[in-house]
Amino acid sequence: MKSISTIFTGLIVAGSFLHAQETRLLNQDFLSGIRKEAARTHPSAVAGKHLATAAGHDIRAVRLWEDPMLGLGFTIAEKMMRMEDGDILIGIEQTLPKPGMFEARRRKADAMQRAATENSLTPALAAAAEAARNAIELALADESIALQQAQITWLAAMVENARQMAADPMGTGSDALRMEIELAKDQQMLDATRRSREGFAQRLNLTLGRPLESPWPVLRLPATPPPVPLARTEIARIPHVNPKVRAMREIAGAAQAETHMADRERLPEVAIGIDTNVYASSTDFRSTMIGVKITLPWFNDTSYQAGISAAQSRELAATRDVETMRREVAAMVLDAATEAANAAAQARAYSGEIHEKARQTTNTIEASWISSKALLTDLLDSARTLFSIRLEQRRMIAMQLAALEELQALVPNR
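Criteria and thresholds
- Residues numbered from 1 in each chain as written.
- Predicted model: local features only at pLDDT ≥ 70, side-chain atom pairs only at ≥ 80, totals over all residues.
- Heavy atoms only, no water.
- Helix = DSSP H or I, 4+ residues; strand = E, 2+ residues; numbered from the N terminus.
- Rg over C-alpha atoms; globule rule 2.2 N^0.38 Å.
- Buried < 20%, exposed > 50% of the residue type's maximum accessible area, 1.4 Å probe, protein only.
- Contact = heavy atoms within 4.5 Å.
- Areas by Shrake-Rupley, 256 points an atom, 1.4 Å probe, with all protein chains shown as cover.
- Lys, Arg positive; Asp, Glu negative; His and termini not counted.
- Charge placed at Lys NZ, Arg CZ, Asp CG, Glu CD.
- Salt bridge = Lys/Arg side-chain N within 4 Å of Asp/Glu carboxyl O.
- Axes fitted to C-alpha atoms, helices over the stretch in contact; angles between N-to-C directions.
- Parallel < 35°, antiparallel > 145°, perpendicular 65-115°, else oblique.
- Nonpolar A, V, L, I, M, F, W, Y, C, P; charged D, E, K, R; others polar.
- Core = buried A, V, L, I, M, F, W, Y, C linked by side-chain atoms within 4.5 Å.
- Pairing = 2+ DSSP bridges.
- Patch = residues over 30% accessible without salt bridge, like charges linked within 9 Å, V, L, I, M, F, W, Y side chains within 5 Å.

Chemist: Tell me about the overall build of the chain, and please be specific about residues and values.
Modeler: A count of helical and extended segments in the chain gives 11 helices and six strands. In terms of overall size, the chain is more extended than a compact globule, its C-alpha atoms giving a radius of gyration of 38 Å where 414 residues would be expected to give roughly 22 Å. Taking the principal axes of the C-alpha coordinates as reference, the chain spans close to 140 × 45 × 30 Å. Residues classed as buried in the chain amount to 40% of the 414 residues present. For the chain, restricting intrachain contacts to residue pairs at least 6 apart in sequence, the fraction spanning at least 24 positions comes to 82%. Roughly 22700 Å² of accessible area belongs to the chain as shown, and the carbon and sulfur atoms make up 58% of that amount. Looking at the chain, you have 48 positive and 50 negative side-chain charges, and the mean spots of the two groups are 4 Å apart.

Structure (structure tokens):
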């Protein structure tokens with residue numbers, strides 16, 4: 001019959017078999033590579049870059065001068081009159097720029113281009129966070145497989161012990177049968193986890209744009225939870241690094257430029273025209289007239305003032321939208337930071353005193369069961385408790401990493 005120390009040494013070694021294989025630690029360097037690949041290849045991120053490029057072209061599309069107007073006319077009159085005054089009228093007219101209008105339009109286009117650039121970062125960050133979370137789920141599946149394999153190894157040893165105990169004339173074979181059932185059930189759970197692991201790997205490949213069957217090494221979660229940033233510090237960084245808030249701030253700047261444009265619209269529009277008369281038969285020059293045209297906007301002053309007031313209201317609304325977005329992001333930062341801190345605390349607790357007490361309890365009950373002083377149900381219950389504590393510790397690490405990914409998407413390191 002196997003000794004207690006041998007059985008639990010085997011459990012610990014089997015439970016950490018990931019360390020003995022060719023594995024990749026899910027550290028920040030590994031996750032950073034996953035994020036960069038997703039941000040580079042995900043279609044939503046690529047679409048965002050194209051929109052930012054289009055906004056850059058919009059800046060060059062802003063023009064100072066309107067297109068000139070070219071006119072051509074013919075005089076229908078007696079030949080003598082056409083010979084004297086000319087019978088072909090050629091004219092060209094050019095509208096002059098309104099003072100300050102070009103600068104306002106250019107400021108708006110610049111602001112919209114900067115907003116589009118910031119908005120292009122949002123899908124890239126979302127794709128990066130999704131890929132990182134998929135990698136974390138894949139690593140958790142690998143850790144679960146390791147722990148379940150360790151549990152099966154322990155159950156197999158207990159089945160052997162139960163069979164030896166059943167060989168005693170005073171023993172019974174029911175414990176061995178019960179242990180075999182538990183072993184079969186755990187084997188089915190292990191097979192299901194392996195299938196889930198395959199699904200997680202395919203989903204990660206899908207996010208990265210790789211072939212679905214691309215292989216992944218065995219991934220390993222960190223042994224201890226990484227540090228959690230302070231929520232107050234991260235909230236203070238929001239106006240400087242969050243792309244949504246920065247984009248809203250640029251949109252507010254564009255709204256300010258629109259207000260200036262509305263103010264410039266009420267200025268008179270001035271156009272200069274040149275008309276020349278020639279006689280077609282001899283192409284002789286007859287006369288040239290230079291004129292100036294000006295619009296009279298004062299008749300629509302009420303409409304122009306309404307346009308200015310509407311633009312000012314939109315500017316004020318855009319300014320408040322910046323603060324609204326900042327508060328929404330701050331709330332999400334608080335949630336993510338709190339979730340990460342709670343998961344880290346639970347992970348440390350499950351790997352410390354709680355785990356040690358559960359292990360000692362299982363050791364004690366196992367020794368009593370081997371000496372026929374404890375029931376098999378007590379042994380199985382304690383073993384399940386120890387297994388769940390170990391698995392929960394791994395889950396808390398994964399949960400904390402996922403929360404940190406959410407935090408990274410909200411307040412990225414620029």
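Chemist: An account of the side chain of T193 is requested, with residue identities and associated values reported.
Modeler: Residue placement: T193 occurs in helix 6 (residues 174–208). On the accessibility criterion, T193 (13% relative accessible area) is buried. The contact partners of T193, leaving out residues within four places of it in the chain, are A141, S144, I145 and Q148.

Chemist: Any chance you could break down the pattern of salt bridges for me, citing the residues and the numbers?
Modeler: Under the defined criterion, the tally for this structure stands at 28 salt bridges. Through salt bridges with shared partners, one network takes in R178, E182, K185, D381 and R384.

Chemist: How would you summarise the packing of helix 8 (residues 243–265) against helix 9 (residues 301–350) if you had to cite specific residues and measurements?
Modeler: Packing of helix 8 against helix 9 brings their axes to within 8 Å, and their N-to-C directions diverge by 170 degrees. The pairing of helix 8 with helix 9 is recorded here as roughly antiparallel in orientation. Residue classes in the contact of helix 8 with helix 9 are distributed as 12 nonpolar, five polar and nine charged.

Chemist: Please set out the nonpolar core residue by residue, giving values where relevant.
Modeler: One recurring pattern in soluble globular proteins is that nonpolar side chains are buried together. If you look at the biggest cluster of nonpolar residues, it comprises 25 residues, and the most contacted ones within it are L26, F30, I34, L204, L208, W216 and L221. Contributing elements (two or more residues each) for this core: helix 2 (28–41), helix 5 (101–166), helix 6, helix 9 and helix 11 (376–410). Counting residues per element, this core draws most heavily on helix 5, at eight residues. The next biggest cluster of nonpolar side chains, apart from the first, holds 19 residues, and it includes A330, A403, L407 and V411.

Chemist: Describe the pairing of strand 5 (residues 270–279), with residues and values.
Modeler: The pairing of strand 3 (residues 88–95) with strand 5 spans eight bridges and is classified as antiparallel. Bridge pairing in strand 5 places I90 opposite T276. Note: strand 5 against strand 6 (residues 284–294), 10 bridges, orientation antiparallel. Among the inter-strand pairings, I272 is bridged to a residue of strand 6, identified as V292.

Chemist: An account of the sheet that holds strand 3 is requested, with residue identities and associated values reported.
Modeler: If you trace the four strands from one edge of the open sheet to the other, you get 2-3-5-6, paired in antiparallel fashion. Of all the strands in the sheet, just strand 2 (69–74) and strand 6 have a single pairing partner and so form its edges. Going from strand to strand, the sheet's axes swing by 15 degrees on average, the running direction of each strand aside.

Chemist: Give a description of the environment of L230 that names residues and reports values.
Modeler: When you line up the elements, L230 lands in the loop between strand 4 (218–220) and helix 7 (231–241). With a relative accessible area of 61%, L230 lands in the exposed category.

Chemist: Break down a nonpolar patch on the surface for me, citing the residues and quoting the values.
Modeler: There is a patch of nonpolar side chains on the surface, built from L64, W65, L70, L72, F74, I90, I92, L96, I272, I274, I290 and V292 and spanning about 1200 Å² of accessible area. Of all the secondary structure elements, the ones that give two or more residues to the nonpolar patch are strand 2, strand 3, strand 5 and strand 6. For the nonpolar patch, the element with the most residues is strand 2, which contributes three residues. A relative accessible area of 40% means that I90 is categorised as partly exposed.

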